Amino acid sequence: MRATRALLTAFVLAVVTDLGCLAAGFRPGHLAAKPLLMLLLAAYTARAGGPRPLVAALLCGWAGDVLLLSGAGPAFMVGMACFAAGHVCYLVLFRRLGRPRARAGPLAAGYAVALVTLVVLLWPGLPAGLRVPVAGYSTLLTAMAYTAATRRGAVAGLGGALFVLSDTLIATGVAHWPQPPRPDFWIMLTYAAAQFLLVRGTLDARPVPATTYREVRSTTP
């Protein structure tokens, strides 16, 4: 338990450090802190007993984070592929752990409209070689966010929505849309929160093992 808390504390400190460096415009600090975020969150998740697909999704995110630090075109494409693999891990996990909840139709419609609208608006501003990959990635990301909300509950659903927001900020930057001040700060804030909420939504919603009740009964007079 102490080691688990220590890893969570280390993750929070790394996030605060990274965001502080981005807010101050201190890029070397960001380059040092960013690669630690998903490694620490993955270690915390594994220590807390998280399922393997959840840890794998975080490690895919770590690989994507490292690749996107270079800013090179090929690295961006490979990094996007790593994040896509992470979304596949999330989809496999969420579909395995839960069943669709009632009244998921309006949420599906909302996400579908948002996806189509965003891709249509972004399309003219994206480089030709990125248009189809971004559209495919956005579809996968939206499916992950929808599945998180409908199968894991409100916490994971919020994490999925923040992931969509974070990657939308990246996509609008690539398409040369107007950006808020310090856009990298907002991208990392929403991204770190998204990944953490997806972890917590998964861990908190796990079913209680069947042995737990029997163990309690066996120790009760």
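Here goes a summary of the coordinates provided. Computed from a predicted model, the values in this text were never measured in an experiment.

The rules behind each value
Residues numbered from 1 in each chain as written. Predicted model: local features only at pLDDT ≥ 70, side-chain atom pairs only at ≥ 80, totals over all residues. Heavy atoms only, no water. Axes fitted to C-alpha atoms, helices over the stretch in contact; angles between N-to-C directions. Helix = DSSP H or I, 4+ residues; strand = E, 2+ residues; numbered from the N terminus. Parallel < 35°, antiparallel > 145°, perpendicular 65-115°, else oblique. Left-handed = near helix turned anticlockwise from the far one by under 90°. Contact = heavy atoms within 4.5 Å. Phe/Tyr/Trp six-rings, centres within 6.5 Å; stacked < 30°, edge-to-face > 60°. Buried < 20%, exposed > 50% of the residue type's maximum accessible area, 1.4 Å probe, protein only.

Turning our attention to the packing of helix α7 (residues 154-174) against helix α8 (residues 183-204). Between α7 and α8, the shortest axis-to-axis distance is 7 Å and the interhelical angle comes to 155°. As far as their axial angle goes, α8 and α7 are roughly antiparallel. Handedness of the crossing formed by α7 with α8: left-handed. Judged by residue contacts, Val-155, Ala-156, Leu-158, Gly-159, Gly-160, Leu-162, Phe-163, Leu-165, Ser-166, Leu-169 and Ile-170 of α7 engage Trp-186, Ile-187, Thr-190, Tyr-191, Ala-193, Ala-194, Gln-195, Leu-197, Leu-198, Arg-200 and Gly-201 from α8.

Let us look at the packing of aromatic side chains. Evaluated as defined, the whole model comprises 6 aromatic pairs. Between Phe-83 and Tyr-191, the aromatic rings sit 5.9 Å apart at their centres with planes inclined by 90°, giving edge-to-face as the arrangement. Taken as a pair, Phe-83 in helix α4 (residues 73-97) and Tyr-191 in helix α8 lie far apart in primary sequence, 108 residues in all. Owing to a relative accessible area of 10%, Phe-83 belongs among the buried residues under this scheme. Relative accessible area serves as the criterion here: at 3%, Tyr-191 is assigned to the buried category.

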